[in-house]
Amino acid sequence: VFATARMIALMEASAAKVLIPLLEEGQLSVGVEVNVKHLAPTLNNDIVKSTATFEGMEGKLYKFSIEVEDSGGKVGIGTHTRAIVTESRLMDGAKKRVEKQLAIQNSSIIFVTSST
């Protein structure tokens, strides 16, 4: 079975591939939004192809329309939005988010009661 999650991963990968020529040293593209419809099942061992079409910019965001096909025709459609970011900024933001959550957890008081 060609799961919807795998179809979305393929769609994201096809859009990311379009942006590779725009990336500078230390940059990568990240997905920020996905809106898809999984239209039909795919036979086991069938070949599936995803085609991403650049539709334009919205601020700093890259907008794509994407179609997924197998030997029987269209199996998925959708839109996808990506951003180009520096890897260090992305990791710094993730680290800060985790540190904030850990600080909140460490400052919480947990009460455990027994009903016996």
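That block above? That's the structure.
Student: Can you explain the nonpolar core? Please cite residues and give values.
Tutor: A general trend in soluble globular proteins is that nonpolar side chains are found buried together. Counting residues in each nonpolar core, the largest one holds 11 residues, listed as Phe-2, Met-7, Met-11, Ala-15, Leu-19, Ala-52, Tyr-62, Phe-64, Ile-66, Val-68 and Val-75. Of all the secondary structure elements, the ones that give two or more residues to this core are α1 (4-19) and β3 (61-70). Residue contacts for Ala-15: discarding those within four places in its chain leaves Ala-52, Phe-64, Ile-66, His-80 and Arg-82.

Student: Hey, could you go over the environment of Ile-66 for me, with residue numbers and the actual values?
Tutor: On the secondary structure map, Ile-66 appears in strand β3. Here Ile-66 falls in the buried class, since its relative accessible area comes to 3%. Residue contacts for Ile-66: discarding those within four places in its chain leaves Met-11, Ser-14, Ala-15, Ser-50, Thr-51, Ala-52, Gly-76, Ile-77, Gly-78 and His-80.

Student: How would you explain the packing of aromatic side chains if you had to name every residue and give the values?
Tutor: Overall, the coordinates contain 2 aromatic pairs when judged by the stated rule. Geometrically, the ring pair formed by Phe-54 and Tyr-62 is tilted, given 6.2 Å between the ring centres and 45° between the ring planes. We classify Phe-54 as partly exposed; its relative accessible area is 42%. Overall, Tyr-62 belongs to the buried group, its relative accessible area being 15%. Relative to Phe-64, the ring of Phe-54 lies with its centre 5.8 Å away and its plane at 65°, an arrangement referred to as edge-to-face. Highlighted residues: Phe-54 in strand β2 (residues 49-58) and Phe-64 in strand β3, separated in sequence by 10 residues. What makes Phe-64 buried here is its relative accessible area of 2%. Taken together through their ring pairs, the aromatic side chains of Phe-54, Tyr-62 and Phe-64 make up a single cluster.

Definitions and limits used
Per-chain numbering applies: the sequence of each chain, read as written, is numbered from 1 onward. Residue-level local features of this predicted model are given only where pLDDT is at least 70; pairs of side-chain atoms are given and counted only at 80 or more, and the full residue set underlies all totals for whole chains, interfaces and linings. The basis for every side-chain value is the complete set of heavy atoms in the structure, and neither hydrogens nor water enter the calculation. Throughout, nonpolar core names a set of buried Ala, Val, Leu, Ile, Met, Phe, Trp, Tyr and Cys residues whose side chains join them through atoms within 4.5 Å. With a 1.4 Å probe rolled over the protein chains alone, any residue whose accessible area is under 20% of its type maximum counts as buried; one over 50% counts as exposed, and the rest are partly exposed. The numbering of helices and of strands both runs from the N terminus, where a helix is a DSSP run of H or I of at least 4 residues and a strand a run of E of at least 2. We call two residues in contact whenever any of their non-hydrogen atoms come within 4.5 Å of each other. Any pair of Phe, Tyr and Trp rings, taking the six-membered ring for Trp, is counted once the centres come within 6.5 Å. Such a pair is stacked with planes under 30 degrees apart, edge-to-face with planes over 60 apart, and tilted for the rest.

Honestly, that's just the spatial picture; any functional story needs more than this.
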